[in-house]
Amino acid sequence: MSKITIPIGPQHPSLKEPGCFTITLEGEKVVNAVVGVGYNHRGLEKACEARTYIQDLYIIERVCGICSHTHSTAFCQAVEELAGVEIPRRAAYIRVIMAELERMHSHLLWLGVAAHEIGFDTLFMYSWRDREKVLDILAELGGNRVNYGINTLGGVRRDLEPQMADEIRAMLDIVEEQNKYYIQLALSETTLAARLSGIGKLSHEDALRLGAVGPVSRASNVDTDIRVIDKYAAYDEVPVTAITDDHCDVFGRAVVRVLEIMESIKMIRWSLDNLPDGELTAKMPRRIPEGEVFSRTEAPRGEDTHYVRANGTDKPDRVRVRAASEANWHSVKHMLEGDYLADVPIIIAAIDPCYSCTDRSIVLRSAAGERVWDWAALRRYGIEHYKKQGFDASKIKIAERKIIR
Amino acid sequence: MLLALFHILIFPGMLFLGAYALVFSFIDRKLYARLQNRRGPRWYQPLADFLKLLGKETIIPEHADKRVFVFLPVMALAAVTAAYLYIPIWSSTSLYPFEGDLIVLLYLLTLPTLCFFLAGWYSTSVYATIGAVRALTQLFSYEVPLFMALLAPALLADSWSLSGMTAYYSTHPLYLLINIPAFLVAVIACQGKLERVPFDLPEAETELAGGTFVEYSGRLYAIFRMAIDCELVVVASLISAVFLPFYPAGAWAGFGVYILKTLVILFILALLRSIMARVRIEQMVAFCWKYLTPLALIQIIANLLLKGVLA
């Protein structure tokens, strides 16, 4: 049978964001897969350099729609460390509670998406119904269903009232009950197991070699939970157990995620019971002293790292965000090859990909070789490109970038 | 002549079948939604969808064979509508019964699937081509157990016509219980024929973006959707005619029982659709040949032995 190449994306019903997976097929088997991302570059890091730290917080919160809290936590931690500020314990606990609620809603979302990818719409509807309950709580806590805006430099913006804690407990009971059912379903339903097990194989060695993070690596028995190995916020006091699994396939990733929801429920309950009293914010200086910091958090999708370099002003000199999916892209090609076309959407979905969060640098390849363009060259290229399309952007003034070394 | 035309065009032909197909489609969607804890569509939603599609622009791909491309949806709908005329509805005999109408029915019901395959093939899109190949692969898997499951009761009744079978089973109603395995096989295999979950591989929205129908739009797609909705009615009617041949006296009572029977079948089909995930094509083929076909074969052997004992 001759080989055919089909593009999955940039627009495709199974992709929630633009990305292009060029799949070469032999019959129904994938012989080659090329992962193409970069359709949604938003210039986030550059935008951060032109704004103050407190303004950056709002950009960083919008790196990802689902794991918005974990990004802002990582950024706040970095800035707080640069300023030498210790946040109050109550604030640290509220950050943990938010992070775990976010993990619950993200994993329930994933469960629904994964079920939809394999044509199991009933599970999709059920898990999203339960996710709504978590979102309602998040909306009450932060004021928004996503992008809660609870983090601020030096602490958190909103307190957790005792009556709110009871509401959370009531919600946790319902979601826990439902989640037990999903665990049972994941472990026993035959068509589900038939579709998920044995596909998207990523061995323990490959997970280490390709630098997989989060549930993808934990399903390959790599213990990479940042909450355990590099404790931040209140995770030094809240008991955390990293969930690992040795299935090394999509089924394992599903198991890790549903079990992690149970862990999160336990952790939220513990944090609510042991919530310390005290202030919500510590005083932050407006100008951050010179220095650089590397901060990391455990997003629902895996390790999330932020690098912030300060130059003594109220604006950062450099912000680098590496969302969890960026680390997981490398393993996708490896996982796709050798599997069936029918499994391509679910294998891609199994890393819980975030496309826009990962789109960053631009490397242009020419016949002469590889060349990384600097900011000025990139701008020139952009102006010329749009001129050809009849749009002149050369009149737009932008601030010159000052590099302090 | 005029009566025949009435039968073909109005009742129980195109108009009634179309209307009932829309009702059926609504009930199917509503049941599916309620089983998924959703509210589901309003009663006129299938009709609204159909009318809206009719009003949309029809785009024919540049590389597609235009005549075949236009002809295929009509062919699919015509085959399904023709098949409906041979199914008994309000009485134990259909409008135009003859010895062997069961075989003709099965043949007419295979035509839509072939149309889906050709539609995908002539669309010259990669998604549609893969969907078309899947439709054909699937055809060879479910068709054999489906045929065997529907012919097993006929063997026992010693008649190749639905009327003959109904006459036989109305005198020996207990023998219907023997056909239960065949009933199960038929219900599962017809999910493949109707391209519904777990066997909706040719369409597989998340993999093939709609598969065989990806290039169809507007009026042509509306006709295809109508053919699929009608096929659901025809298949449910066929299964109820073969496995539940109960016809009380009187046209109105018979008609009511027919509606009830088909709705029961629809409920089973909707339930199957909502509790399962889509399988892979090789899993589908393996399932049909490893489990469904042997089960149908056992049913045929059992029925033959029983026939020998009875004789």
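Residues numbered from 1 in each chain as written. Chains lettered and ligands numbered in written order. Predicted model: local features only at pLDDT ≥ 70, side-chain atom pairs only at ≥ 80, totals over all residues.

Novice: Looking at this structure, I do not really get the overall build of chain B. What am I missing?
Specialist: Helix and strand counts for chain B come out as 12 helices and 0 strands. For 311 residues, the compact-globule estimate of 2.2 N^0.38 gives 19 Å, and chain B sits close to it at 19 Å. In terms of its C-alpha atoms, chain B occupies a principal-axis envelope of roughly 60 × 50 × 40 Å. Counting across all 311 residues of chain B, residues that qualify as buried make up 49%. Here the analysis covers contacts within chain B between residues at least 6 apart in sequence; of these, 80% occur between residues at least 24 apart. (Helix = DSSP H or I, 4+ residues; strand = E, 2+ residues; numbered from the N terminus. Rg over C-alpha atoms; globule rule 2.2 N^0.38 Å. Buried ≥ 20, exposed ≤ 12 C-beta atoms within 10 Å, placed from the backbone. Contact = placed C-beta atoms within 7 Å.)

Novice: Is there a simple way to think about the overall build of chain A in this case?
Specialist: Counting its regular elements, chain A contains 15 helices and 10 strands. Relative to its length of 405 residues, chain A is compact, with a C-alpha radius of gyration of 22 Å against a globular reference of 22 Å. In terms of its C-alpha atoms, chain A occupies a principal-axis envelope of roughly 65 × 60 × 40 Å. When the 405 residues of chain A are sorted by exposure, 47% land in the buried category. Partitioning the contacts of chain A with sequence separation of at least 6, the portion at a separation of at least 24 is 69%.

Novice: Mind showing me how you'd approach the packing of helix α6 (residues 126-157) of chain B against helix α8 (residues 180-193) of chain B here?
Specialist: Residues and elements named next belong to chain B. Orientation of α6 relative to α8, taken along the N-to-C sense of each, is 150°, at an axis distance of 8 Å. Put simply, α6 runs roughly antiparallel to α8. Judged by the sense of rotation from one axis to the other, the crossing of α6 with α8 is left-handed. Residues Q138, S141, Y142, P145, L146, A149, L150, A152 and P153 of α6 form the contact with α8, whose participating residues are A182, V185, A186, A189, C190, G192 and K193. Residue composition of the contact of α6 with α8, by class: 12 nonpolar, 3 polar and 1 charged. (Axes fitted to C-alpha atoms, helices over the stretch in contact; angles between N-to-C directions. Parallel < 35°, antiparallel > 145°, perpendicular 65-115°, else oblique. Left-handed = near helix turned anticlockwise from the far one by under 90°. Nonpolar A, V, L, I, M, F, W, Y, C, P; charged D, E, K, R; others polar.)

Novice: Would you mind showing me how to read the nonpolar core here?
Specialist: Most often, soluble globular proteins have nonpolar side chains that are buried together. Membership of the largest hydrophobic core comes to 208 residues, with the highest contact counts inside it found for V79(A), A114(A), A149(B), A186(B) and V234(B). Take this core: its biggest share by element is 19 residues, from helix α10 (residues 218-243) of chain B. (Core = buried A, V, L, I, M, F, W, Y, C linked by C-beta atoms within 7 Å.)

Novice: I tried to follow the interface of chain B and chain A on my own but got confused; where do I start?
Specialist: By a widely used convention, the size of an interface equals the accessible area lost when the partners come together. On the chain A side, the residues contacting the 24 residues of chain B number 25 residues. A class-by-class count of the residues in the side of chain B that touches chain A yields 13 nonpolar, 5 polar and 6 charged.

Novice: Whenever I open this one, the environment of L102(B) confuses me. Can you help?
Specialist: Residue and element names in this part refer to chain B. Along the polypeptide, L102 turns up in helix α5 (residues 101-122). Taking the C-beta count within 10 Å as the criterion, L102 has 25 such neighbours and is therefore assigned buried. Distance from L102 to S163, taken between C-alpha atoms, is 9.4 Å for residues 61 residues apart in sequence. When neighbours within four sequence positions are excluded, L102 is seen to be in contact with L150, A154, W160, S161 and L162.

Novice: So what exactly am I meant to see when it comes to helix α2 (residues 53-61) of chain A here?
Specialist: All buried positions along α2(A) are accounted for by Y53(A), D56(A), L57(A), I59(A), I60(A) and E61(A). Where the residues of α2(A) are buried, they touch α1 (44-49), α3 (68-83), β4 (151-152) and β8 (316-322) of chain A.

Note that all results are geometric; they support no functional claim without further evidence.
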